[in-house]
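# Examining the three-dimensional arrangement
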Amino acid sequence: NAGVTQTPKFQVLKTGQSMTLQCAQDMNHNSMYWYRQDPGMGLRLIYYSASEGTTDKGEVPNGYNVSRLNKREFSLRLESAAPSQTSVYFCASRRGGGDNQPQHFGDGTRLSIL
Amino acid sequence: GDSVTQMEGPVTLSEEAFLTINCTYTATGYPSLFWYVQYPGEGLQLLLKATKADDKGSNKGFEATYRKETTSFHLEKGSVQVSDSAVYFCALSDQNQFYFGTGTSLTVIP
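From a predicted model like this one, the values you see are computed outputs, not experimental measurements. (Residues numbered from 1 in each chain as written. Chains lettered and ligands numbered in written order. Predicted model: local features only at pLDDT ≥ 70, side-chain atom pairs only at ≥ 80, totals over all residues. Heavy atoms only, no water.)

A tally of regular secondary structure across chain A gives zero helices and 11 strands. The order of α-helices and β-strands along chain A, N terminus first, is β-β-β-β-β-β-β-β-β-β-β. Relative to the globule expectation of 13 Å for 114 residues, the C-alpha radius of gyration of chain A, 13 Å, shows essentially globular dimensions. Taking the principal axes of the C-alpha coordinates as reference, chain A spans close to 40 × 30 × 25 Å. Classification of the 114 residues of chain A by burial places 48% in the buried group. Here the contacts in chain A between residues at least 6 apart in sequence split such that 55% fall between residues at least 24 apart. Here chain A displays about 5,300 Å² of accessible surface, and carbon together with sulfur accounts for 46% of that area. (Helix = DSSP H or I, 4+ residues; strand = E, 2+ residues; numbered from the N terminus. Rg over C-alpha atoms; globule rule 2.2 N^0.38 Å. Buried < 20%, exposed > 50% of the residue type's maximum accessible area, 1.4 Å probe, protein only. Contact = heavy atoms within 4.5 Å. Areas by Shrake-Rupley, 256 points an atom, 1.4 Å probe, with all protein chains shown as cover.)

Here is the structure:
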């Protein structure tokens with residue numbers, strides 16, 4: 001019962017470095033999402049992919065890029081990390097096909113930018 | 001646009017106390033409503049859901065009723081336990097978009 005798997009779990013970067021956060025789901029879900037969680041601000045959507053081959057911007061896309069590699073995998077890339085991107089990042093997936101389907105979350109990547 | 005507003009925390013209760021966490025929503029369509037729970041160091045887990053007006057979602061002693069007339073989906077539990085200490089998020093799904101509240105932190109003391 002892996003569900004949604006995120007790697008790495010923790011990462012420390014220096015300002016200006018780049019990195020890719022990986023996400024994979026084994027539930028054959030169509031839709032996948034990237035959120036960031038900051039204290040007092042709940043979850044904010046960065047990008048989402050409603051289905052394989054499509055991606056769309058969410059509420060806070062600046063400074064990020066995504067790739068829906070295949071149906072299982074959805075990666076988030078920081079090209080030039082900034083301290084404001086210090087956050088906890090969550091990947092989620094959803095079966096799609098209707099609003100009554102819940103999202104399923106990974107355990108998060110805790111990212112610090114120095 | 002769509003949005004979710006939930007009560008500010010943190011909330012501190014004694015074991016076996018009654019819990020209510022308020023949640024109201026704004027939506028243009030007919031959304032589905034969810035409560036998620038987040039334990040320290042973990043991701044969000046689905047607690048319960050309701051997909052139409054007057055539906056009651058329930059799980060692990062928690063309940064919430066979808067009230068269209070008051071646009072509310074309040075979370076309740078009759079007797080909380082220390083193990084219920086977590087952050088609770090109300091969310092709605094409308095036209096393939098999810099909208100989350102800012103979360104309410106609950107601490108239950110023995």
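On we go.
What follows deals with the state of the cysteines. Under the counting rule described, the total for this entry stands at two disulfides over all chains. Across the disulfide, Cys23(A) is cross-linked to Cys91(A) (sulfur-sulfur distance 1.9 Å). Every disulfide takes its handedness from the sign of the S-S torsion; for Cys23(A) and Cys91(A) that torsion is -75 degrees, giving left-handed. One end of the pair, Cys23(A), is in strand β3 (residues 19–25); the other, Cys91(A), is in strand β9 (residues 87–94), and 68 residues separate them in sequence. No difference in accessibility class separates Cys23(A) from Cys91(A), as the two residues are buried. Between the sulfur atoms of Cys23(B) and its disulfide mate Cys90(B) the distance is 1.9 Å. (Disulfide = S-S within 2.5 Å.)

It is worth spelling out the environment of Glu69(B) at this point. Residue and element names in this part refer to chain B. Relative to the assigned elements, Glu 69 resides in the loop between β8 (62–65) and β9 (75–77). Note on Glu 69: relative accessible area 60%, which makes it exposed. Each C-alpha atom of the pair Glu 69 and Asp 54 lies 9.6 Å from the other, and the pair is 15 residues apart in sequence.

Another aspect to go through is the sheet that holds strand β7 (residues 64–68) of chain A. Residues and elements named next belong to chain A. Pairing is antiparallel in the open sheet, where four strands are placed in the order β1-β3-β8-β7. Both outer strands of the open sheet, β1 (4–7) and β7, are each paired with one neighbouring strand and no more. For this sheet the average axis-to-axis angle between neighbouring strands, irrespective of direction, equals 15 degrees. Sheet topology note: the β7/strand β8 (residues 74–78) ladder contains five bridges and is antiparallel. Bridge assignment links Asn 65 to a residue of β8, and that residue is Arg 77. (Pairing = 2+ DSSP bridges. Axes fitted to C-alpha atoms, helices over the stretch in contact; angles between N-to-C directions.)

This paragraph deals with the pattern of salt bridges. Taken as a whole and assessed by the stated rule, the structure comprises six salt bridges over all chains. The partner of Glu79(A) in a salt bridge is Arg77(A), with the nearest N and O atoms 3.1 Å apart. A salt bridge links Glu63(B) to Lys56(B); its shortest N-O distance comes to 3.7 Å. For Glu63(B), a relative accessible area of 33% translates into the label partly exposed. For Lys56(B), a relative accessible area of 53% puts it in the exposed group. (Salt bridge = Lys/Arg side-chain N within 4 Å of Asp/Glu carboxyl O.)

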